[in-house]
Amino acid sequence: MIVLGVILLVIGLLAGISVLWTIGVVLLVVGAALWLLGTIGHAVGGRRHYW
């Protein structure tokens, strides 16, 4: 999810498409939050670790 967010950020920035840039930011933030919750030991989506 983080990688997809970064890819969409770059494509949106280079192509000038603000919708892709916004979706990329959202995916990046959500992916980082899930990764952080998974690393500190909270169950995320029924799993002990996220990825």
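Refer to the structure presented above.
Residues numbered from 1 in each chain as written. Predicted model: local features only at pLDDT ≥ 70, side-chain atom pairs only at ≥ 80, totals over all residues. Heavy atoms only, no water.

What follows covers the overall build of the protein. Per the secondary structure count, the protein includes 2 helices and 0 strands. In the protein, buried positions account for 18% of the 51 residues. Looking at the protein alone, contacts between residues at least 24 apart form 24% of all its contacts between residues at least 6 apart. Total accessible area on the protein is roughly 3900 Å²; 77% of this is exposed by carbon and sulfur atoms. (Helix = DSSP H or I, 4+ residues; strand = E, 2+ residues; numbered from the N terminus. Buried < 20%, exposed > 50% of the residue type's maximum accessible area, 1.4 Å probe, protein only. Contact = heavy atoms within 4.5 Å. Areas by Shrake-Rupley, 256 points an atom, 1.4 Å probe, with all protein chains shown as cover.)

A separate point is helix H2 (residues 18-39). Its 22 residues place the ends of H2 31 Å apart at the C-alpha level, agreeing with the 32 Å of an ideal helix rising 1.5 Å per residue. Turning to H2, its buried residues are Gly 24, Leu 27, Gly 31 and Gly 38. Axial view of H2: buried residues confined to an arc of 70 degrees, hence all on one face. Of the residues in H2, the exposed ones pointing more than 90 degrees away from the buried face are Ser 18 and Val 29. Those residues of H2 that are buried are in contact with helix H1 (2-15). Positive phi shows up at Gly 41, right after H2, with a value of about 105 degrees. (Expected span 1.5 Å × (residues − 1). Arc of directions from axis to C-beta.)

Here the focus is the environment of Trp 21. As for its position among the elements, Trp 21 is in helix H2. Given the relative accessible area of 42%, Trp 21 is considered partly exposed. For the pair Trp 21 and Val 10, spaced 11 residues apart in the sequence, the C-alpha separation amounts to 7.5 Å. When near neighbours in sequence (up to four residues on either side) are disregarded, Trp 21 contacts Leu 8, Leu 9, Gly 12 and Leu 13.

Geometry only, nothing functional implied.
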